[in-house]
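Each chain is listed here by its residues.
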Amino acid sequence: MELLTRTEKLLLQNEKNWELYLSNREEAKPFDFYKDMKPFVDEAKESADAFLELAIPWVNKERPPYLGELQLRQACDNVQMTAVSAFNGKSFYKHFLDHYQSTKYTLTRVRDFLKRKEELM
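Computed from a predicted structure; not experimentally measured. For every chain, the first residue of its written sequence is number 1, and the numbers climb from 1 along that sequence. Whole-chain, interface and lining totals are the exception, using all residues; otherwise, since this is a predicted model, local features are given only for residues with pLDDT of at least 70 and side-chain atom pairs are given and counted only at 80 or more. Excluded from the side-chain calculation are hydrogens and water; included are all heavy atoms of the structure.

**Some details on the pattern of salt bridges**
Formally: Salt bridge criterion: a side-chain nitrogen from Lys or Arg within 4 Å of a carboxyl oxygen from Asp or Glu. By definition, any uninterrupted DSSP run of H or I lasting at least four residues is a helix, any uninterrupted run of E lasting at least two residues is a strand, and each is numbered from the N terminus. Exposure categories follow from relative accessible area, calculated using a 1.4 Å probe and restricted to protein chains: below 20% of the type maximum is buried, above 50% is exposed, and the middle band is partly exposed.
Taken as a whole, this structure holds 12 salt bridges when the rule is applied. A salt bridge links R6 to E2, with the shortest nitrogen-to-oxygen separation between them at 3.0 Å. Within this pair, R6 and its partner E2 are both found in helix 1 (residues 2-26), separated by four residues, close to a single helical turn. Put simply, R73 and E69 hold a salt bridge, and the shortest N to O gap is 3.0 Å. Here E69 and R73 lie together in helix 3 (residues 69-85), a separation of four residues that amounts to about one turn. Judged by its relative accessible area of 39%, R73 is partly exposed. Residue classification places E69 among the partly exposed residues on the basis of a relative accessible area of 27%.

And the structure:
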């Protein structure tokens, strides 16, 4: 199922953002905007846009419990924002952690719902 693939890709991007943030928090490494940051952030945006393209019609049709269009859009906004903030290890830890965990929770709910639905077929 294509939405499941895109959900897992966005979950992976969220993990990459978190790992990059933690590594830059420990030791702020210099980076080149065009070679390092821009491709990383562009990849996050592409993953988020591709996810929303299928996820919004899906959530409006299926109406899974405790998931709505607003949560999906917020998760994608968080992924894009944390992709940018990950390069700054001095970003406020609690703020970054909250966005990371919120995104992980929402995307995991989508993934789990899709997998359960797939198993029933």
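And the narrative resumes.
**Things to note about helix 2 (residues 33-62)**
Inclusion rule: Take the number of residues in a helix, subtract one, and multiply by 1.5 Å to get its expected span. Here the bend at a residue means the angle between the axes of two seven-residue stretches, the one that ends at it and the one that starts at it. Note on contacts: a residue pair is in contact if any heavy atoms of the two residues lie within 4.5 Å. Whenever two N or O atoms come within 3.5 Å, that pair is a polar contact, provided that in protein one can donate a hydrogen and the other can accept it, and provided that, for residues adjacent in sequence, both atoms are side-chain atoms.
With 30 residues, helix 2 ought to run about 44 Å at 1.5 Å a step, and its terminal C-alpha atoms sit 40 Å apart, in line with that. At L52, helix 2 shows its strongest bend, of approximately 30°. Every buried residue of helix 2 is listed here: M37, F40, V41, A44, S47, A48, F51, L52, A55, I56, W58 and V59. Packed against the buried residues of helix 2 are helix 1, helix 3 and helix 4 (93-120). Where helix 2 begins, the side chain of D32 points an oxygen toward the backbone nitrogen of Y34, at a separation of 3.0 Å. Positive phi shows up at R63, right after helix 2, with a value of about 50°.

**A short note on the nonpolar core**
Spelled out, the test is: Definition used in this section: a nonpolar core is a set of buried Ala, Val, Leu, Ile, Met, Phe, Trp, Tyr and Cys residues joined via side-chain atoms within 4.5 Å.
With 25 residues, the main nonpolar core has L10, F51, W58, L72 and V110 as its most contacted residues. Those elements giving two or more residues to this core turn out to be helix 1, helix 2, helix 3 and helix 4. Of the residues forming this core, the biggest block, 11 residues, is contributed by helix 2. Sequence-distant contacts of V110, that is, excluding residues within four places in its chain, are made with T7, F51, W58, L67 and L72. With six residues, the next largest nonpolar core counts W18, Y21, L97 and Y100 among its residues.

**Observations concerning the packing of helix 2 against helix 4**
Formally: Axes here refer to lines fitted to C-alpha atoms; in helices the fit is confined to the stretch in contact. Angles between the N-to-C directions go from 0 to 180 degrees. In this scheme, a crossing is called left-handed if the near helix is turned counterclockwise away from the far one by less than a right angle; it is called right-handed if the turn is clockwise.
Two elements in contact, helix 2 and helix 4, have axes separated by 13 Å at closest approach and are oriented at 65°. Where helix 2 crosses over helix 4, the handedness of that crossing is left-handed. Between helix 2, through F51, W58 and E62, and helix 4, the contact on the second element is made entirely by L107, V110, F113, L114 and K117.

**A look at the packing of aromatic side chains**
Applicable threshold: Centres within 6.5 Å make a pair out of two Phe, Tyr or Trp rings, where for Trp the six-membered ring is used; the pair is then stacked when the planes are under 30 degrees apart, edge-to-face when over 60, and tilted otherwise.
Applying the stated criterion across every chain yields a total of 10 aromatic pairs. Ring centres of W18 and Y93 lie 6.0 Å apart, and the angle between their planes is 50°; on these two criteria the pair is classed as tilted. One end of the pair, W18, is in helix 1; the other, Y93, is in helix 4, and 75 residues separate them in sequence. Ring pairs connect the aromatic residues W18, Y21, Y93, F96 and Y100, which therefore count as one cluster.

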